[in-house]
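Listed below are the residues making up each chain.
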Amino acid sequence: MRLLVTGGAGYVGSHCARALCDAGHEVVVLDDLSAGHEWALDRRARFVRGDIADRALLSRVLDGASFDGVLHFAAFLDVGESVREPLKYYRNNVAGTVTLLEAMRDHGVRRLVFSSTCATYGVPPRVPITEDMPQDPINPYGRTKLAIEWALRDSAAAWGLGACALRYFNAAGAASDGAIGEDHHPESHLIPLVLQVALGQRPHIGIFGDDYPTPDGTCIRDYIHVEDLASIHRIAIESQQAGAFRAFNVGTGVGTSVKEVIDAARSVTGHPIPAVVSPRREGDPPQLFADPSKAQRDLGWQARFADIRDVVESAWRWHRGRPQDGRGS
Ligand code: UDP
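Residues numbered from 1 in each chain as written. Predicted model: local features only at pLDDT ≥ 70, side-chain atom pairs only at ≥ 80, totals over all residues. Heavy atoms only, no water.

**Student:** What is the right way to look at the site of the ligand in this model?
**Tutor:** In the region of the ligand, 15 residues are neighbours, and L190, G206, F208, R281 and D284 sit closest. Between the ligand and L190, the relevant distance is 2.8 Å, taken from an oxygen atom to a main-chain nitrogen or oxygen of the residue. Here an oxygen atom of the ligand sits 3.0 Å away from a polar atom, N or O, in the side chain of R221. For the ligand, whose unbound accessible area comes to 520 Å², protein coverage reaches 86%. Elements with a minimum of two residues in the shell around the ligand: α6 (190-198) and β8 (205-208). Across the shell around the ligand, the residue classes tally to eight nonpolar, four polar and three charged. (Near = heavy atom within 4 Å. Polar contact = N/O pair within 3.5 Å; in protein donor to acceptor, adjacent residues only side chain to side chain. Areas by Shrake-Rupley, 256 points an atom, 1.4 Å probe, with all protein chains shown as cover. Helix = DSSP H or I, 4+ residues; strand = E, 2+ residues; numbered from the N terminus. Nonpolar A, V, L, I, M, F, W, Y, C, P; charged D, E, K, R; others polar.)

What follows is the structure in structure tokens.
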């Protein structure tokens, strides 16, 4: 298939572009490099530097060739920033996606796979989370992703878009060969921060609250390996029919606490990784983990990385192997 990957220089997008190239698809990456990295680009893909909100650019890209589908990763994703600057998030995530959808509609591109998030559920009534639970996000980031899901549903009904929303849990890990991995600036995610402690770049890891109603008092999340995310995107775009909207939770189904992540990192790295309990972070639900059985049933997909140690180990290979000045290897 000929596929456009927006945000294909970012963390999940770059692993996905790679998996699509591996599967023999023809890939064009569109990325403005505001958060993505040139080193994460797959050499087999054509790269266009630019913004999804640039309608003239989108028309030039889509005019040149007939695309079978789009995988849409380009978005801002910092929850805290979305609270401080909501309009930046509505402008980039929602308005940018509307521009992309208009261009797709006008060029007859009818298949889309969208990076959605478990943040669209807000605080779920129970875990594991199934796709039919109410979507009631508790921050602007989650609301922008939910607004896009609505635009996709309505476009499926009105003009025959075929769209698949993949609601990720916590993306984690790095490419098995260590070539690409996670690199956010500033970094706010637990696993990279813990590994930065092991590399001597930080004195300790702060645990955001140890008085949650969970077995060890720390928050529970579902850490899904980025290569498992890449494989479900490939399956989703290959199987997507025009005119239909579908949504899947993408997680392992296993919940892991903050303390368990730190323990896994201690055992993988051999470093003591000092931890200091700090106050709860606002807006953190105690437990989020997926019921991934719908994806298993409908797409025949299952996470290969189910053990947190394997996830942390792949992230460690990447973090340890790269230059210490913040650039990729
Ligand atoms: N967390 C933590 N210390 C940190 C960063 C994160 O205790 O320095 C916790 C956070 O409260 C959450 C979990 O680790 O329970 C995963 O957080 P992350 O920011 O990686 O992803 P999120 O769940 O927010 O998408």
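**Student:** What should I look at first to understand the sheet that holds strand β6 (residues 162-168) in this one?
**Tutor:** Within a beta sheet, neighbouring strands are joined by backbone hydrogen bonds and run either parallel or antiparallel to one another. Ordered by their spatial adjacency, seven strands build an open sheet running β3-β2-β1-β4-β5-β6-β11, and the pairing between neighbours is parallel. Looking along the sheet, the strands with just one partner apiece sit at the ends: β3 (46-49) and β11 (245-250). This sheet shows a mean twist of 20 degrees between the axes of neighbouring strands, independent of strand direction. Helix α4 (residues 86-106) rests against β1 (2-6), β4 (69-72) and β5 (111-117) of the sheet, and its axis sits at about 175 degrees to β4. (Pairing = 2+ DSSP bridges. Axes fitted to C-alpha atoms, helices over the stretch in contact; angles between N-to-C directions. Contact = heavy atoms within 4.5 Å.)

**Student:** Sorry if this is basic, but what is going on with the packing of aromatic side chains here?
**Tutor:** Two numbers describe a pair of aromatic rings. These are the distance of the centres and the angle of the planes. Summed over all chains, the structure comprises two aromatic pairs. Residues W39 and W318 carry aromatic rings whose centres are separated by 5.2 Å and whose planes lie at 40 degrees to one another, so their mutual orientation is tilted. In this pair, W39 is assigned in the loop between β2 (26-31) and β3 and W318 in helix α10 (residues 308-321), connecting sequence segments 279 residues apart. Against the face of Y212 rests R280, its NZ or CZ located 3.9 Å from the ring centre. The ring of F248 has K294 sitting right over it, with the charged end atom 4.8 Å from the ring centre. (Phe/Tyr/Trp six-rings, centres within 6.5 Å; stacked < 30°, edge-to-face > 60°. Lys NZ or Arg CZ within 6 Å of the ring centre and 35° of its normal.)

**Student:** What am I meant to see in the side chain of H25 here?
**Tutor:** Inspection of the secondary structure assignment puts H25 in the loop between α1 (11-22) and β2. Here H25 falls in the buried class, since its relative accessible area comes to 13%. For H25, the side chain forms a polar contact with the main-chain nitrogen of M1, separated by 2.9 Å. Once residues lying within four places of it in the same chain are set aside, the contact partners of H25 are M1, L3, L20, R234 and E238. (Buried < 20%, exposed > 50% of the residue type's maximum accessible area, 1.4 Å probe, protein only.)

**Student:** Looking at this structure, I do not really get helix α7 (residues 226-239). What am I missing?
**Tutor:** Along an α-helix, a turn takes 3.6 residues, which lines up residues three or four apart on a common side. Its 14 residues give α7 an end-to-end C-alpha distance of 20 Å, which sits within 8% of 20 Å, the value for a rise of 1.5 Å per residue. Buried residues of α7: V226, D228, L229, A230, I232, H233, I235, A236 and I237, and no others. (Expected span 1.5 Å × (residues − 1).)

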